[in-house]
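The lines below spell out each chain.
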Amino acid sequence: MIELNRDAWRAAAVVSPGHALLAPEGWSQLPNPLFRRLAFFAAAQQDIVPKSRGLEWLLADGDWWLWSVETERETMRLLVALGPQLDADELARLERSILAGPPRDMYRADILDERWTRLQEQEVWLRLAKISQAGARLSTAARGRMDEISAKHRDWRLAEDERDEFPTWSGNGGEMRVHVATPRDRKELIQWLRKHPEPDHWRPDDWRERCRIDFDEAASALAALAGDGTWPSGRWREALQSWSEHEFLECSWRNIAPVLAEMPTEVLQALSHGVSRWLKEQARTFEGQEAAFLALCDRVLALDYEVEEDDDDIVGLRSTIPWDMSRRGCFTGGSEAT
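Rules of the game
- Residues numbered from 1 in each chain as written.
- Predicted model: local features only at pLDDT ≥ 70, side-chain atom pairs only at ≥ 80, totals over all residues.
- Heavy atoms only, no water.
- Helix = DSSP H or I, 4+ residues; strand = E, 2+ residues; numbered from the N terminus.
- Polar contact = N/O pair within 3.5 Å; in protein donor to acceptor, adjacent residues only side chain to side chain.
- Contact = heavy atoms within 4.5 Å.
- Phe/Tyr/Trp six-rings, centres within 6.5 Å; stacked < 30°, edge-to-face > 60°.
- Buried < 20%, exposed > 50% of the residue type's maximum accessible area, 1.4 Å probe, protein only.
- Core = buried A, V, L, I, M, F, W, Y, C linked by side-chain atoms within 4.5 Å.
- Expected span 1.5 Å × (residues − 1).
- Salt bridge = Lys/Arg side-chain N within 4 Å of Asp/Glu carboxyl O.
- Axes fitted to C-alpha atoms, helices over the stretch in contact; angles between N-to-C directions.
- Parallel < 35°, antiparallel > 145°, perpendicular 65-115°, else oblique.
- Left-handed = near helix turned anticlockwise from the far one by under 90°.
- Nonpolar A, V, L, I, M, F, W, Y, C, P; charged D, E, K, R; others polar.

> Explain the side chain of Arg 210 residue by residue, including any values.
Mapped onto the secondary structure, Arg 210 falls in helix H12 (residues 207–213). Engagement of the side chain of Arg 210 in a polar contact is seen with the backbone oxygen of Pro 183, the distance being 2.6 Å. With residues near it in sequence (within four places) discarded, Arg 210 still touches Thr 182, Pro 183, Arg 184, Leu 189, Phe 215, Glu 217 and Ala 218.

> Which residues make up the packing of aromatic side chains, and what values go with them?
The full count for this structure, using the stated rule, is nine aromatic pairs. Aromatic pair Trp 9 and Phe 41: ring centres 6.4 Å apart, planes at 70°, arrangement edge-to-face. With Trp 9 in helix H1 (residues 2–15) and Phe 41 in helix H4 (residues 33–43), this residue pair connects regions lying 32 residues apart in the sequence. Assessed through its relative accessible area of 6%, Trp 9 is described here as buried.

> Can you lay out the nonpolar core for me, pointing to particular residues and giving the numbers?
With 48 residues, the main nonpolar core has Trp 9, Leu 58, Leu 94, Ile 98 and Ile 131 as its most contacted residues. Broken down by secondary-structure element, the contributors of at least two residues to this core are H1, H4, helix H5 (51–58), helix H6 (60–67), helix H7 (72–82), helix H8 (88–100), helix H9 (113–134) and helix H10 (140–152). The next biggest cluster of nonpolar side chains, apart from the first, holds 37 residues, and it includes Ala 221, Leu 222, Leu 240 and Leu 303.

> Describe the side chain of Thr 75, listing the residues and the values that go with them.
Position of Thr 75 relative to the elements: it lies in helix H7. Overall, Thr 75 belongs to the buried group, its relative accessible area being 1%. Residues within four places of Thr 75 in sequence aside, it is in contact with Phe 40, Leu 58, Trp 65 and Leu 66.

> Could you give an account of unusual backbone geometry, with specific residues and numbers?
Here Asp 61, not a glycine, exhibits a phi torsion of approximately 55°, which is positive. Considering the arrangement of structural elements, one finds Asp 61 in helix H6. Using a relative accessible area of 51% as the deciding quantity, one classes Asp 61 as exposed. Although it is not a glycine, Gln 289 sits at a positive phi angle of roughly 55°. Assignment of secondary structure puts Gln 289 in the loop between helix H17 (272–282) and helix H18 (290–301). Judged by its relative accessible area of 31%, Gln 289 falls in the partly exposed class.

> Explain H9 to me, and be specific about the residues and the numbers.
In this model H9 runs 32 Å from its N-terminal to its C-terminal C-alpha over 22 residues, within 8% of the 32 Å that 1.5 Å per residue would give. Positive backbone phi, approximately 120°, marks Gly 135, located one or two places after H9.

> Any details on the pattern of salt bridges? Residues and values, ideally.
By the definition in use, this model includes 29 salt bridges. Among the salt bridges present, the one from Lys 152 reaches Glu 121, with a minimum N-O distance of 2.8 Å. Placement of Lys 152 in helix H10 and of Glu 121 in helix H9 is noted, with a sequence separation of 31 residues between them. Since its relative accessible area comes to 52%, Lys 152 is described here as exposed. Sharing partners across several salt bridges, the network here consists of Arg 73, Arg 77, Lys 130, Glu 162, Asp 164 and Glu 165.

> How would you sum up the packing of H1 against H4? Please name residues and give values.
It is the contact of H1 with H4, at a shortest axis distance of 11 Å, that shows an interaxial angle of 25°. On the basis of their axis angle, the class for H1 and H4 is roughly parallel. The element H1 and its partner H4 pack so that their crossing is right-handed. Each of Ile 2, Arg 6, Trp 9 and Arg 10 in H1 lies in contact with H4, whose residues at this interface are Leu 34, Leu 38, Phe 41 and Ala 42. Grouping the amino acids of the contact of H1 with H4 by side-chain chemistry returns six nonpolar, no polar and two charged.

Rendered as structure tokens:
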């Protein structure tokens, strides 16, 4: 039905452009993201929807749709189409919205500051880079911000196949992102974890697999960092997921329980889902350190938290305001408005 609507609108636009404008005007008034996608798709086509109208739709509802993953592909295509056509005032308005970054309430409240900063930079950079590549003449402020972020993340590039316009991309593996191997040496691994506390979507690594095939080194590295007061929560999250599997329960309980007992409350809050799942699995098999088990359970139960999706799924980074929102990680790519 979605494809039928899209193709029917395309045919109508050829025969009667004036009448074709009525459909996206109607779609833009409906709250469901599906109709927003169709409206944005129509606005990205040439000589049908006035550019000023397309900009109004894009920045409606407090700029929500500029950042929503529910419309991300169509939003990006509309940005590319509009960017070079906007006059100075319209482009300035669009730049202000982009430079302000995504609303904080679109994301979970417990995201660590470092992770939140990176997400903001990624979202702002991608949109500025898209309209700049399309031919828009960015202001000094917008160009300066894009250059600042680019200098901080020198490996960020626009994807040639536009995969960066989808919340996530699935493929056959041949064209996937560059994978990074974690250092084999323990000291180097500790330093690597210190520099890379969170997984990088654009440069995936083998840390989670390392936790399975080399438990001793992985656990030792995390314990060493914890001893220095460093808790890379993203890496702990992946480790706990791996160590919740049956074959790792005994060794992880023996070696990790004392470390988790010293985990700061703010880190435990961020890892509450992973720790509670690990404790649930341990409850069936663990032996010894009963006091540590009960103390960890008490600490987890005392936390303030909301029921959430799996913390290991980057799609769950956004809260359900007003419906489930997420970030680039696991939404299958496809054609526009499909």
